[in-house]
Amino acid sequence: MEEIGNYNYNEIVKGVKEDASFRIIGDNCNLKVGVKYERGQHHGNMYNWFASSIIMQTKSFHELPDIPQGQPQHLPLSAFLPTEDDERRLKNDYRFLIACVAKDFLPNLNFLFDSLPCHIHGEFTDELTKQNLVVPLQVLPLNEQKYSDVIQIMEHYEKCIDDIYASAGKPVPKVPVGGDQLTRERFTGAKSLRTGCITDQDRFDHLYPITFELWHTAMNFLMLIFKNLFEENSFEKGTMNAARIKLARKTVKKEVQHHYDHDKDFFLSFLRSYIVVALCQFFGLDTLNGEPTRNIPTDVATEDLNSWVQQTMDQFIDEYVWARGSDATFITVQEHTDIVTTPLQLVLQDGSTIVIHVQQRKKTQVQQAEYDRVKHYAHTVLELGLLYMQFLDVIKVPDRNRLLTTFKYMMQVFKANNSRSKYALEILRFLCHQQSSYNLQTAHRAVYGLFVNTGGKIDSHIPANLQMEHIIRKVKKLYKATGPNNAEGAVIKKSRALAAMDQISEHYDLSSGVLVRANRHKKKSAQEDELKLINELKETKPFKGQQGRSFDKFPNITAPLHGSLKEEDYSAWINFHKKKLQFESGK
């Protein structure tokens, strides 16, 4: 087993010799072991262990400069707030995502998707199509909730890095490490505790940078969406729960952390149906196969069509996604005339005074707001949904510039939803170090190390911590398979050989001519379900302004969600934390 475990270790050494880089990711691995006959002194146990993996990177970014970009405290607010360039980039991406939906349902809007590329290409997209090698390290019987154990985990990382580079005959560089939000905090805290040590290894200097991961970020953003748009007691057409009931999606629950895949699949169908109805309203389509009657390209030369589409879709995104100039809120100004009495003191000739009261008419203007809360709900579906869809697309086809732009908008939403949001602060930390503390070489390695290409294609990336979840599932399966001999040492030794055991199994099947009697199951299309939702929404007409409408369970919903942020308070929060991050010792 030890020999099998060393196989991929040798592959890592070979890659390092060829100037390849790698990163380490870790996550807790909780194992519950029961007993057949429970007695007073004989109970089941919960083991809080820690699993880690090495992910070989397919690009090292040696061509980028390794000079620090600056200091966090000197970053302007434009590094954290969406700029005009960020808005332009996001609108272009939204145009692509919306056109993909239109292509499936609205054939007569072909001017939106005729020249549509297969993917949104980034700066290094074509260089990231190689499959990543993922090598599990041995599971450690350590608990990340204890700093004493976290320090032992990081000491283990330092030893692994030192052994690998010593075997390759190369000096030890800095290696990115990461985990979910809790793991990142623990690693940062443990590194801070060792700041005063003498040697680089004791200070964990080679474990740099320390980053958080994206899969749990996506999950928390979907939790935010469900918090604002899903209510189990709401049965009105157009709401998420009514759609869930109509489609009989019994596995969809508000507890997203326990039903993430089902909730994600359902919400994307719900979002796509709202996008189709919004496009029908904007372009004047009576039916899905009908001809557009509004906002159509009349007398537009072929060479100018792309520019016209961009301007038209910019208008659509402004009005329907970001609710700019929407009639969902209607302000009326009413004039009131009041009688105002002013006391006037007069001095008479004999020196006495009298007070008389003079009455005057005074006109005042009072603003009153009337709301279409159903339309506000619809705007919120598009605002949050397209941002979530954008984040998922960046994960599939990674690009640093797109990720930074998406994070700026997500940070606003997280902060507006909860002023103490830990993910808003985590994104702020990420943006701060990416644009100042790290040099460009380190910044790019940190970003592209957050993804694992599992299929060797342009769009076959998944978050690194999702890959870690798959490995943890295998570790648990391995633990159960050891039966009554599930000694701690045996499981730890076998866990290191997981990747090689998978490779041996695949090679054995291939060399022995094992017949694969079933093809991989294709993902079942949700288009039929989405058509049901579209027909129902066309009856509700959520984007047709109608003052006074509201859903019973969403009487105060307002779009855009980030509109509730006070600019001064938000800027002060950013300035306060970027100064603290200047002196963070556990970067």
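Structure shown above.
Quick caveat, the model's predicted, so the values are computed rather than measured. (Residues numbered from 1 in each chain as written. Predicted model: local features only at pLDDT ≥ 70, side-chain atom pairs only at ≥ 80, totals over all residues. Heavy atoms only, no water.)

A.B. asks: How should the nonpolar core be read in this particular structure?
C.D. replies: In globular proteins that are soluble, nonpolar side chains generally tend to be buried together. Residues Leu112, Phe267, Leu279, Tyr377, Phe407 and Met411 are the most contacted members of the largest nonpolar core, which totals 125 residues. Core analysis: the next-biggest nonpolar cluster, separate from the first, contains 29 residues, Ile12, Met56, Val135 and Ala190 among them. (Core = buried A, V, L, I, M, F, W, Y, C linked by side-chain atoms within 4.5 Å. Buried < 20%, exposed > 50% of the residue type's maximum accessible area, 1.4 Å probe, protein only.)

A.B. asks: Sorry, what's going on with helix 18 (residues 567–582) here?
C.D. replies: Residues lying three or four places apart along an α-helix face the same way, a consequence of the helix completing one turn every 3.6 residues. With 16 residues, helix 18 extends 23 Å between its outermost C-alpha atoms, agreeing within 8% with the 22 Å of an ideal straight helix rising 1.5 Å per residue. Next to the buried residues of helix 18 lie helix 11 (400–417) and helix 12 (422–437). (Helix = DSSP H or I, 4+ residues; strand = E, 2+ residues; numbered from the N terminus. Expected span 1.5 Å × (residues − 1). Contact = heavy atoms within 4.5 Å.)

A.B. asks: Can you help me understand the sheet that holds strand 5 (residues 207–212) in this one?
C.D. replies: Whether parallel or antiparallel, the strands of a sheet pair through hydrogen bonds between backbone atoms. Read from one edge of the open sheet, five strands run 3-2-1-4-5, paired in mixed fashion. The open sheet is flanked by strand 3 (134–136) and strand 5, the only strands paired with a single partner. When the angles between neighbouring strand axes are averaged without regard to direction, this sheet yields 30°. Pairing between strand 2 (residues 45–56) and strand 3: three bridges, direction antiparallel. (Pairing = 2+ DSSP bridges. Axes fitted to C-alpha atoms, helices over the stretch in contact; angles between N-to-C directions.)

A.B. asks: Teacher, can you tell me more about a nonpolar patch on the surface here?
C.D. replies: Nonpolar side chains collect at one region of the surface, where Leu344, Leu346, Leu348, Ile354, Ile356 and Val358 lie side by side and expose about 420 Å² of accessible area between them. The set of elements that each furnish at least two residues to the nonpolar patch consists of strand 6 (329–347) and strand 7 (353–371). Looking at the nonpolar patch element by element, the count peaks at three residues for strand 7. Structurally, Leu344 can be placed in strand 6. By relative accessible area, Leu344 is classed as partly exposed at 39%. (Patch = residues over 30% accessible without salt bridge, like charges linked within 9 Å, V, L, I, M, F, W, Y side chains within 5 Å. Areas by Shrake-Rupley, 256 points an atom, 1.4 Å probe, with all protein chains shown as cover. Salt bridge = Lys/Arg side-chain N within 4 Å of Asp/Glu carboxyl O.)

A.B. asks: Could you clarify how one ought to interpret the packing of helix 9 (residues 305–321) against helix 10 (residues 373–396) in this entry?
C.D. replies: Helix packing for two helices is described by the angle between their axes and how far apart those axes are. Put simply, helix 9 and helix 10 touch, their axes get as near as 8 Å, and they point 120° apart. Between helix 9 and helix 10, the angle falls in the class oblique. Facing Glu319, Tyr320 and Val321 of helix 9, the residues of helix 10 in contact are His379, Leu382, Glu383 and Leu386. (Parallel < 35°, antiparallel > 145°, perpendicular 65-115°, else oblique.)

A.B. asks: Mind showing me how you'd approach the pairing of strand 1 (residues 22–33) here?
C.D. replies: Where a strand is regular, its side chains alternate between the two sheet faces. The pairing of strand 1 with strand 2 spans 12 bridges and is classified as antiparallel. From the neighbouring strand, Asn30 faces strand 2, where its bridge partner is Asn48.

A.B. asks: Is there a simple way to think about unusual backbone geometry in this case?
C.D. replies: Outside of glycine, negative phi angles account for most residues, and trans bonds account for most peptide bonds. Geometrically, the link from Tyr208 to Pro209 is a cis peptide bond, its omega value of -5° lying close to zero. Here Pro209 shows up in strand 5. Residues Ala559 and Pro560 are joined by a peptide bond in cis, for which omega reads -5°. Inspection of the secondary structure puts Pro560 in the loop between helix 17 (527–540) and helix 18. A positive phi angle, close to 55°, is found at Ala248, a residue other than glycine. Turning to its location among the elements, Ala248 is positioned in the loop between helix 7 (240–246) and helix 8 (260–283). Notably, Lys541 is not glycine yet its phi reads approximately 50°, a positive angle. When you line up the elements, Lys541 lands in the loop between helix 17 and helix 18.

A.B. asks: Is there a simple way to think about the environment of Leu386 in this case?
C.D. replies: For Leu386, the location among the structural elements is in helix 10. Each C-alpha atom of the pair Leu386 and Ile98 lies 8.5 Å from the other, and the pair is 288 residues apart in sequence. Not counting residues up to four positions away in its chain, the partners in contact with Leu386 are Tyr94, Leu97, Ile98, Leu271, Ile275, Val321 and Val381.

A.B. asks: Just to check I follow, could you spell out empty space enclosed by the protein for this structure?
C.D. replies: Vacant regions in the atomic arrangement are exposed by a probe of water-molecule size rolled over the atoms. Applying the stated criterion across every chain, the model contains three cavities of 30 Å³ or more. In this structure, the largest cavity encloses a volume near 90 Å³. Together, Gln57, Thr58, Lys59, Phe61, Leu128, Asn132, Pro398, Tyr448, Phe451, Val452, Asn453 and His461 line the largest cavity. For the lining of the largest cavity, the element with the highest residue contribution is strand 8 (residues 451–453), accounting for three residues. Looking at the lining of the largest cavity, its residues break down into six nonpolar, five polar and one charged. One number sums up the size of the second largest cavity: a volume of about 50 Å³. In terms of lining, the second largest cavity is formed by Tyr94, Trp322, Glu383, Leu387, Tyr409, Gln412, Val413 and His562. (1 Å grid on protein atoms, 1.4 Å probe; cavity = no way out; pocket = protein on both sides within 12 Å on 5 of 7 lines; lining within 4 Å. Points joined across faces, edges and corners; volume = space filled by probe spheres on them. Nonpolar A, V, L, I, M, F, W, Y, C, P; charged D, E, K, R; others polar.)

A.B. asks: Just to check I follow, could you spell out the packing of aromatic side chains for this structure?
C.D. replies: Aromatic ring pairs are reported here in terms of the distance separating the ring centres and the angle at which the planes meet. Enumeration according to the criterion identifies 33 aromatic pairs in this entry. When the centroid spacing of 5.8 Å and the interplanar angle of 75° are considered together, the rings of Phe212 and Phe430 count as edge-to-face. Taken together, the positions of Phe212 in strand 5 and Phe430 in helix 12 put the pair 218 residues apart, joining distant regions of the chain. Of the two residues examined, Phe212 and Phe430, each falls in the buried class. Ring centres 6.2 Å apart and planes at 65° place the aromatic pair Phe267 and Tyr388 in the edge-to-face group. Residue Phe267 is located in helix 8, and its partner Tyr388 is located in helix 10; the two are separated by 121 residues in the primary sequence. (Phe/Tyr/Trp six-rings, centres within 6.5 Å; stacked < 30°, edge-to-face > 60°.)

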